[in-house]
Amino acid sequence: MTYALLNLAFLAFVALVAVATLVARRAPRWRVVALTAIPLVVLTAVFDNVLVGVGIVAYDPHRISGARLGVAPVEDFAYAIAAVVLLPCLWSLLAPRSSKASR
């Protein structure tokens, strides 16, 4: 199994949860999610490049696409993007609904 295929399965689940938040009208503030993604992706790029560059983490060249940001394969960024979308969506879906009557 390639990393891209693994990412596709994981990102499909994240997309399903994100759509569920939209259907339930409980979606997170997408602008905040996007603004959070910027430093997270930058930090992921820095640390992944260090980990791969120093040799702490290695990738089978037959299982990656070959596209890289620095020395880190692009497939490695899917987890950061998935986390920044999935966690706020789950928080929104699982949080109790506020009731105007209880205020």
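Here, the structure is the one placed above.
Reference entry: report on the structure contained in this document.

Going through the model one piece at a time under the given rule, you end up with two aromatic pairs. Summarising the aromatic geometry, the rings of Tyr 3 and Tyr 59 are spaced 5.4 Å apart at their centres and angled 80° between planes, so their arrangement reads as edge-to-face. In this pair, Tyr 3 is assigned in helix H1 (residues 3-23) and Tyr 59 in the loop between helix H2 (30-54) and strand S1 (68-69), connecting sequence segments 56 residues apart. The class of Tyr 59 is buried, set by a relative accessible area of 19%. Plain terms: the ring middles of Phe 10 and Tyr 79 are 6.1 Å apart, the flat faces sit at 45° to each other, and that makes the pair tilted. Within this pair, whereas Phe 10 is found in helix H1, its partner Tyr 79 is found in helix H3 (residues 78-94), the two being separated by 69 residues in sequence. Judged by its relative accessible area of 35%, Phe 10 is partly exposed. Owing to a relative accessible area of 34%, Tyr 79 belongs among the partly exposed residues under this scheme.

The next subject is the nonpolar core. Val 14, Val 17, Ala 18, Val 33, Ala 37, Ala 82, Val 84, Val 85, Leu 86 and Cys 89 together form the largest nonpolar core, which totals 10 residues. For this core, the secondary structure elements donating two or more residues are H1, H2 and H3. With five residues, H3 is the largest single contributor of residues to this core.

Parameters at a glance
- Residues numbered from 1 in each chain as written.
- Predicted model: local features only at pLDDT ≥ 70, side-chain atom pairs only at ≥ 80, totals over all residues.
- Heavy atoms only, no water.
- Phe/Tyr/Trp six-rings, centres within 6.5 Å; stacked < 30°, edge-to-face > 60°.
- Helix = DSSP H or I, 4+ residues; strand = E, 2+ residues; numbered from the N terminus.
- Buried < 20%, exposed > 50% of the residue type's maximum accessible area, 1.4 Å probe, protein only.
- Core = buried A, V, L, I, M, F, W, Y, C linked by side-chain atoms within 4.5 Å.

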